[in-house]
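A look at the structure
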Amino acid sequence: MLDTAAVNTLSWVLLAGAGVAAVANWWSRLAGSRRVEYVSKPATMLALVGVALALDPLHADQRAWFVAGLVLSLAGDVFLMLPADRFVAGLGSFLLAHVAYVVGLNLHPGSATALLVASVVVALVAVGVGIRIVRGAAAAGGGRLAGPVVAYMAVISAMVVSAVAAGPWIAGAGAVLFFASDGLIAWNRFVTPIRWAPVAIMVTYHLGQAGLVLSLAP
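What this report covers is the structure whose coordinates are included nearby.

1. What to know about the overall build of the chain
A tally of helices and strands in the chain yields 8 helices and 0 strands. Reading the chain from its N terminus to its C terminus gives the helix and strand order α-α-α-α-α-α-α-α. The C-alpha radius of gyration computed for the chain amounts to 17 Å, which stays within 12% of the reference 17 Å derived for 218 residues, consistent with globular compactness. The dimensions of the chain, computed from C-alpha atoms along their principal axes, are 50 × 45 × 25 Å. Here the chain holds 218 residues, and 45% of them are scored as buried. Expressed as a percentage of contacts within the chain between residues at least 6 apart in sequence, the contacts between residues at least 24 apart total 73%. In the structure as shown, the chain presents an accessible area of about 10,000 Å², 73% of it carried by carbon and sulfur atoms. Positive and negative charge centroids in the chain, built from 11 and 7 side chains respectively, lie 16 Å apart.

See the structure below:
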């Protein structure tokens, strides 16, 4: 259960700011407004970085890794919204972001049983979805993208397992939403276009990142 006392006034203000920026970003995807996207997308992540720095964490060592994950995610956001195709750079930034989250989450891990159960469930989902994505990536990139996509899927799966096993429900929920967002990106890009994907990708992404941030104060 979230300890609202640990989320101080400044944290709530920054979280509200992140919410406003996120909604503006969702609208920009619907309306096709690149100007609003260029402002609202990084603004959302900057506000969440502020939330992570302002709240009173249960574990200060974990916060440092989460902030690193947020900053790397911000870099990935910028790469992916540029007019030129910076997909590989964005993929690399988010891969490193997940590594940071994995390290932070495993500073205070859950039980071995929870880790095992989460590993089995996430592996089944990742393999089931990932086979088609990897095939599509291999076809789209002439084989060059298959390796990076597989590596990315392995790392984000490890992040989800770590978050679910760590215990706070909000961390697990955030990680699952993050996984769903990235899954939609890959499916939309490499398997088949989905009309509602651009908005759904950002909604699940922002809610996922917010869940991970708020898990610092469970």
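Right, picking up where we left off after that structure.
2. Considerations on the pattern of salt bridges
Following the criterion strictly, the structure yields 1 salt bridge and no others. Close ionic contact of Arg34 with Glu37 constitutes a salt bridge, the shortest N to O distance being 3.2 Å. Separated by 3 residues within a single helix, Arg34 and Glu37 lie in helix 2 (residues 34-54), roughly one turn from each other. For Arg34, a relative accessible area of 39% translates into the label partly exposed. Judged by relative accessible area, Glu37 falls into the buried class, the value being 7%.

What counts, and where the lines are drawn
Numbering of residues begins from 1 in every chain and follows the order in which that chain's sequence is written. For a predicted model such as this one, the threshold for reporting local features is a pLDDT of at least 70, and the threshold for listing and counting side-chain atom pairs is 80 or more; totals across whole chains, interfaces and linings nevertheless cover every residue. Note: side-chain values were computed over all heavy atoms of the structure, leaving out hydrogens and water. Secondary structure elements follow DSSP: runs of H or I of four or more residues count as helices, runs of E of two or more count as strands, with numbering from the N terminus. C-alpha atoms define the radius of gyration in this analysis, and the globule rule sets the expected value at 2.2 Å times the number of residues to the power 0.38. Only protein chains enter the accessibility calculation, which uses a 1.4 Å probe; a residue is then buried when its area is under 20% of its type maximum, exposed when over 50%, and partly exposed in between. In what follows, a contact means two residues having at least one pair of non-hydrogen atoms within 4.5 Å. For every accessible area listed, the method is Shrake-Rupley and the probe measures 1.4 Å; residues are considered covered only by the protein chains on display. Positive charge is attributed to Lys and Arg, negative charge to Asp and Glu, and no charge count is given to His or to the chain ends. By convention, charge coordinates are those of NZ in Lys, CZ in Arg, CG in Asp, or CD in Glu. Salt-bridge detection follows one rule: a side-chain nitrogen of Lys or Arg within 4 Å of a carboxyl oxygen of Asp or Glu.

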